[in-house]
Structure formats: structure tokens, C-alpha cells
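Okay, here's what each chain looks like letter by letter:
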Amino acid sequence: MKPFERIEFHTTPYNSIRVWMHYNEDEDITSKNVRGTKEFDLFQAISIWGSYDKVEFGLYSWELSNSLVAYIKEKFGHRSDSIIEFQ
């Protein structure tokens, strides 16, 4: 089982980046697998608020600084499990 299904990156009207990490909560009911990934730890470390938002079933979210656009493109742009929608 893969820890998460996909990661999405979107710009916000607040000059920041919103990250959405989608995972199958039916398979990972305690979120242990998804919270044990290096991607989860990275977003925790670089998020503006220092933590995640558990927005809905099977979804974690973070707000990142807009200054990280180039880093996000370099680190996640080549991955098939990432969707980057920057304007």
C-alpha cells in the first residue's frame, strides 16, 4: 500500500502555496503510514503555521511560503504523484 495517493500544490489569493496530501483513510485509519513519510515531515517543517490542517476525510493540508515555488517545482515537478498548479 502506498502511504498517499497524490500531493497537490496550488497558489492561494494570500500570496502563499496550499499543499494537499490525499491518502486513503479506509486503508490507513490511524494515518500512521501517511504521517510517517518524508513528504509529511518536510511539509511540517516548512509550513507557515508549523503544522497541518486535517481538512476532511483522507486529506492533510499545509500553507507554505510563496518563496518556495522554485523549490517545489524542482523537488516535485517530475513526480507522477504530484500535481502542481501555479499561476
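Since the model is a prediction, treat every value here as computed from it, not as a measurement. (Residues numbered from 1 in each chain as written. Predicted model: local features only at pLDDT ≥ 70, side-chain atom pairs only at ≥ 80, totals over all residues. Heavy atoms only, no water.)

### Details of the overall build of the protein chain
Reasoning step 1: Scanning the protein chain from terminus to terminus reveals three helices and five strands.
Reasoning step 2: Starting at the N terminus and walking to the C terminus, you meet the elements of the protein chain as β-β-α-α-β-β-α-β.
Reasoning step 3: Relative to a compact globule of 87 residues, whose C-alpha radius of gyration would be 12 Å, the protein chain shows 12 Å and is just as compact.
Reasoning step 4: Considering only C-alpha atoms, the protein chain reaches an extent of 35 × 25 × 20 Å along its principal axes. (Helix = DSSP H or I, 4+ residues; strand = E, 2+ residues; numbered from the N terminus. Rg over C-alpha atoms; globule rule 2.2 N^0.38 Å.)

### Some thoughts on the pattern of salt bridges
Should their charged atoms come close, side chains of opposite charge can pair.
Reasoning step 1: Scanning the model with the defined rule gives six salt bridges in all.
Reasoning step 2: Residue Glu8 pairs with Arg6 through a salt bridge whose shortest N-O separation is 2.8 Å.
Reasoning step 3: Take Glu8: its relative accessible area is 14%, and that puts it in the buried class.
Reasoning step 4: In this structure, Arg18 and Asp53 form a salt bridge, with 3.0 Å as the shortest nitrogen-oxygen distance. Of this pair, Arg18 sits in strand S2 (residues 16-22) while Asp53 sits in strand S3 (residues 53-56), and the two are 35 residues apart along the sequence. (Salt bridge = Lys/Arg side-chain N within 4 Å of Asp/Glu carboxyl O. Buried < 20%, exposed > 50% of the residue type's maximum accessible area, 1.4 Å probe, protein only.)

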